[in-house]
Structures are given as C-alpha cells and as structure tokens.
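Reading the structure
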Amino acid sequence: AALGAEFRARNLPCDGLILLSTYGDARGWNRGVGHLEPLDPEFAAFVARLHAIGLRVVTHEYPVLHHASPLHAEAAGNGYLLAEAYPDVPPAGRGPATYHDGQRYLDFARAEVGAWWWDRHRALHAAGIDGWWLDGGEGPQLPAGTHNRYDLARQAAFAAGEARDRPARRPFLLCRSGGAGMQHHGAVPWSGDTNNSFATLEGQIATGLNLGLSGVPFWGTDIGGYYPTLPEDAELFIRWFQFGAFTPLFRAHGRNWRMRLPWSYGTETEAIIRRYLDLRYRLMPYTYTLAWQAHRFGLPLMRPLVLHDPDDPQLWDMASAYLWGDDLLVAPVTRAGATRWPVYLPRGEWHDFWTGERHGGGRAVEVAAPLDRLPLFVRAGAIIPMAPPQAHALPAGPQELTLRVHPAGRSAFELYEDDGETRAWQRGAGVTTRFTCDATDAGLTFRIDAPSGDLSLLPPHRRYTLAVHAPRPPRAVRLHTGGTPGWQHDGDHTLHVAVPSHPAEVSIEW
C-alpha cells in the first residue's frame, strides 16, 4: 500500500501492482500461491486500500505445489500432481515434472485439476484480486506435442473460473508461456526473463512484431530487463521505458524490482519517465481504439512497417522501427550513448512528433535523440485522440478530448469506447465517434460526427479541442454548427481550436 501511495504522492500514473510470490516454496504466506495459508484478516482491507486509489492488484504464482503446502496431500491423493506420471523422479530436486526443491507441477491437461486449482483461488478472488500472473508455465518437461499446450490448459482453467465467478468482468492473465489461442482466454504474454542489455532491448522489437503477426496482439516485456547481467543502468532503463510506452502491455519489472521504480535513478531520470508515463496515458483513447481494431480486424497494435507499404523491399524484414496503429511510427533507441538516431520512413509524409518538422518518406533520415527523446513520427493525415493527464485509467471516457490533427488530403479516424471493465461490449455496449478532415492548401474542414452506439457510455457534454499542425496562424476559423470556436496559435506549429458542442463542422482558412 505504501508503494501505491508513493506513486500517487509523486503524481506518477499507474494502474496496477503485482504481489510477487515465492515460487511455491515453504516460506511466508505464499506457500504455493497466496491463498494456501489462511489469509491475513487484513488482506482484503489492504486490497481495498489499493482499489480506493485506483490501483488494480495482481498475484503471482507458478503451477506447482511444495510438499509443505497444506494442499499437497489433497492434490497427491487425488492424483492431480504431474510428477506422479514419473515414478523415478526423486521427491526433492528438479526433474521432468518438478520445479526447485521438489515442487511438483499440477496436471492441467485434466479439466478437473484446473477446476480444483481455481477453487483454491477463490479466497483471493473474494479478497478482491483483479488478475493473475501465471508464471513458469513452460516448466514441465513433457513429451513433444504436449509441452506447448500445458500453459494453455492452465489459462483455460483460470478463464473458465473467472467466467463462472466474475461473469461480468474481463479476465486478465499475465503469462510467460502459451501458444496459439491464448488470446481467447485473456492471456497476455511477455518476452520472459531477459537480460538487462541494449542488445536484448534491440531484440524485443522483432519479438513483439512477430507475435502480433501470429495472432496474439497483446504482449509486453520486463522494462529494464529481468536478470542483472550488467550493472543497473539509468540510460538503459530510460530507453527501454520509452519503448515500453508503445507496447500493448506496459510494465516495468526486474529481479531487483526496486531498480524498476520511476524514481530509482534520481530526479532527472524520474522526470523523463514521467514524460512517457504521461504520454502513454494521454494516448489511451487512441491505444484503446487499437485494441478494438485488434479484436475486430485482427490487426496488432504493434505493426511492422511493411504493413504500411508492402511494395517497398526496404521494409520486408525491418524491425528497428514499427507503427503504433496506422498513424504513429516508433523508432526506439537501442544503442548506449546515442544522441542521434537513423530512421527509415515509409513512403508518404511524416512529421516529427516533438518538433513538427516535416520529413518525406521512402528514405532514411537521422534525427536528434537526446536521452529524453524517443524518435517518434506522425503520419500526415493522422487524427489522434488524446485524453487529459490522469493518474490512472478512468472507468468511463474523459470529459475532454484533444484531437491532434496533421492535415493532408482526406483522412478519418473512428474512436471506439466502452466501459473498460465489463464484458458488456460483447453484447454491443460500445460507442464509436467518427472524425474526418478534408484539407487543401487553402484550408481544411474538420467534422465531428454524432456518436453511434450506447450513448450512456459517454460523459455528458463532452468537449473537444482540435490541435491542428499549422506552421502559421489561420486567416479565419468558423464553426458551422452553432456556437463560436475559440482558437489560439502557439506561435510555433500548433493551432488550438475549442469546439463547444458536437456534432460539429469546423472550417479553417490559411
């Protein structure tokens, strides 16, 4: 609770904390998983305190039982332990079906084992635990053909338990292993226990792109790397964090987790981390729409550049940069000491996210990349909805939205929103709002259509602000649907236009 309070006191956005287990050994209250000993009477109150400040709580476990666990005898008596299929395995030590210190894997290939295991989680469920970190699912040395299915069976058991006991809530399973179909169980993989090196960071980009193309759109990494094979390094943490802000699962973790806190490396590092935390949360309306697109169209959130331009052979195997949706191009810095960074831009026109500088595509450019700057580009024609700064994701859409617009010809974006919490979206409880922009050299017309769907999901009297890429002030700004738009040019490259009501049509003359 103190850690959560520290995030709030420092005004650092955060949505969840994970309670680490002790991998099923005989220490503490985590003998296998947290509920195997009677829960501390204060545990539910502890979870409630974190919920009260907008934090979700996730527990961590391996699929094993230690012989000292109170549940070991019951599992063994029922034949639920995988080790029983290997009679030659000693009761202690590590073997084909055991983890450290003789901890024995559960046989999730049998449906009754998964159901029994979920039932043993119901105390944690009742205490308010929001999700489950299912670690170590690749552990059993099973025969070929069944090894990769082991964790899918465990995930299916948890998904079935959630559907039975929390039918209105979406499940969240963080998993190190899995396979084709894991996404149907609400299972989100990460890239495993990586080393803390720039070479490892570089390899994460291709890993995430390949997984997305394989039909698993939600994925992340241990930001900063897990194993401290090298001395802990603020520069690596910052660069990895910048990349992590543009991955589906945004989560910092390491063997020494205290070195993965935003303030672990001092005030200068914390200021940079804050910048990308804020950006991640401001982009949530855009990113949440990408998640909806993943469900509806099968498109990953992280998209290889070749999806933008499959006819450019330079992009066929490029994994040094990627698209975040259609409109943002991310080029993580993966070399120590770099202050400038080469980026190949697909054909078209691109604008530097930070400076507004225009770049023609179909070629490589080199851009400034000081430690506080991730090379980031916006496609010409983009319409990017952004929320106000916030401490955590809100259960409903924000009252105010900023639409970042980079005018170029005719372009559109359809924003998707739902309650962010329940499975009601599966019954059509969502709402979409379409934005269009028609731009010429003389000006542009921007339209905000009436939202379509379950309008109860939207806050009343939502307000929009257009943030239009405009190197010079306009000659005129008009609102054709009633009211008077207030506007201001920042003297640099952005025109801000307040739209008092919607649907709306705004015209701008240069």
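Anyway, here's the lowdown on the structure attached to this text. Keep in mind the model is a prediction, meaning the values are calculated, not measured.

The rules we used
- Residues numbered from 1 in each chain as written.
- Predicted model: local features only at pLDDT ≥ 70, side-chain atom pairs only at ≥ 80, totals over all residues.
- Heavy atoms only, no water.
- Salt bridge = Lys/Arg side-chain N within 4 Å of Asp/Glu carboxyl O.
- Buried < 20%, exposed > 50% of the residue type's maximum accessible area, 1.4 Å probe, protein only.
- Helix = DSSP H or I, 4+ residues; strand = E, 2+ residues; numbered from the N terminus.
- Polar contact = N/O pair within 3.5 Å; in protein donor to acceptor, adjacent residues only side chain to side chain.
- Pairing = 2+ DSSP bridges.
- Contact = heavy atoms within 4.5 Å.
- Core = buried A, V, L, I, M, F, W, Y, C linked by side-chain atoms within 4.5 Å.
- Phe/Tyr/Trp six-rings, centres within 6.5 Å; stacked < 30°, edge-to-face > 60°.
- Lys NZ or Arg CZ within 6 Å of the ring centre and 35° of its normal.

Turning next to the pattern of salt bridges. For the coordinates displayed, the defined rule picks out 35 salt bridges. Where Arg-110 meets Glu-112, a salt bridge forms, and the shortest distance between an N and an O atom there is 2.9 Å. Assessed through its relative accessible area of 27%, Arg-110 is described here as partly exposed. Each member of the salt-bridge network shares a partner with another, and the members are Glu-6, Arg-10, Glu-270 and Arg-274.

Time to look at the side chain of Asp-327. Mapping Asp-327 onto the fold places it in the loop between strand S9 (322–324) and strand S10 (328–330). A relative accessible area of 3% means that Asp-327 is categorised as buried. In terms of polar contacts, Asp-327 uses its side chain to reach the side chain of Arg-379, at 2.5 Å.

Strand order in the open sheet made by the 6 strands is S8-S9-S10-S15-S12-S13, with antiparallel pairing throughout. Bordering the open sheet on either side are strand S8 (302–303) and strand S13 (358–360), each of which pairs with just one other strand. Note: S8 against S9, 2 bridges, orientation antiparallel. Counted as the bridge partner of Arg-303 is Leu-323 from S9.

Attention now moves to the environment of Ala-368. Inspection of the secondary structure puts Ala-368 in strand S14 (residues 363–368). Residue classification places Ala-368 among the partly exposed positions, given a relative accessible area of 30%. Each C-alpha atom, one on Ala-368 and one on Ala-393, is 32 Å from the other, the two residues being 25 residues apart in sequence. When sequence neighbours within four positions are dropped, the list of residues in contact with Ala-368 reads Thr-339, Arg-340 and Arg-373.

A two-sided burial pattern is seen for strand S5 (residues 131–134), the buried positions comprising Gly-131 and Trp-133 on one face and Trp-132 and Leu-134 on the other. Pairing geometry for strand S2 (residues 56–61) and S5, over 4 bridges, is parallel. When the sheet's bridge partners are listed, Val-58 is paired in S5 with Gly-131. Examined bridge by bridge, S5 and strand S6 (residues 173–175) share 3 bridges and lie parallel to one another. When the sheet's bridge partners are listed, Trp-132 is paired in S6 with Leu-173.

Turning our eyes to something else, we now look at the nonpolar core. Grouped together as the largest cluster of nonpolar side chains are 107 residues, with contacts concentrated most on Phe-246, Trp-324 and Phe-446. Every residue in contact with Phe-246, bar those within four places of it in the chain, is listed here: Leu-279, Arg-280, Leu-283, Met-302, Tyr-322, Trp-324, Leu-328, Val-330, Leu-374 and Leu-376. In terms of nonpolar packing, the next biggest core, distinct from the first, is built from 18 residues, Met-318, Val-333, Ala-369 and Phe-377 among them.

Where burial is concerned, the two faces of strand S16 (residues 383–386) agree: the one with Ile-383 and Pro-385 and the one with Ile-384 and Met-386 are both buried. As defined by bridge partners, S16 adjoins strand S17 (residues 400–405) across 4 bridges and the pair is classed as antiparallel. Across the sheet, Ile-383 pairs through a bridge with Val-405, a residue of S17.

Throughout the structure, instances matching the rule amount to 25 aromatic pairs. When the centroid spacing of 6.0 Å and the interplanar angle of 75° are considered together, the rings of Tyr-276 and Trp-354 count as edge-to-face. Here the residue Tyr-276 occupies a position in helix H9 (residues 267–282), and Trp-354 occupies one in the loop between strand S12 (349–352) and S13, the gap between them amounting to 78 residues. Note on accessibility: Tyr-276 and Trp-354 belong to one class, buried. The structure contains a cluster of three or more aromatic residues connected by ring pairs, namely Phe-237, Phe-241, Phe-250 and Tyr-265. Here the basic side chain of Arg-251 rests over the ring of Trp-133, its NZ or CZ set 4.8 Å away from the ring centre.

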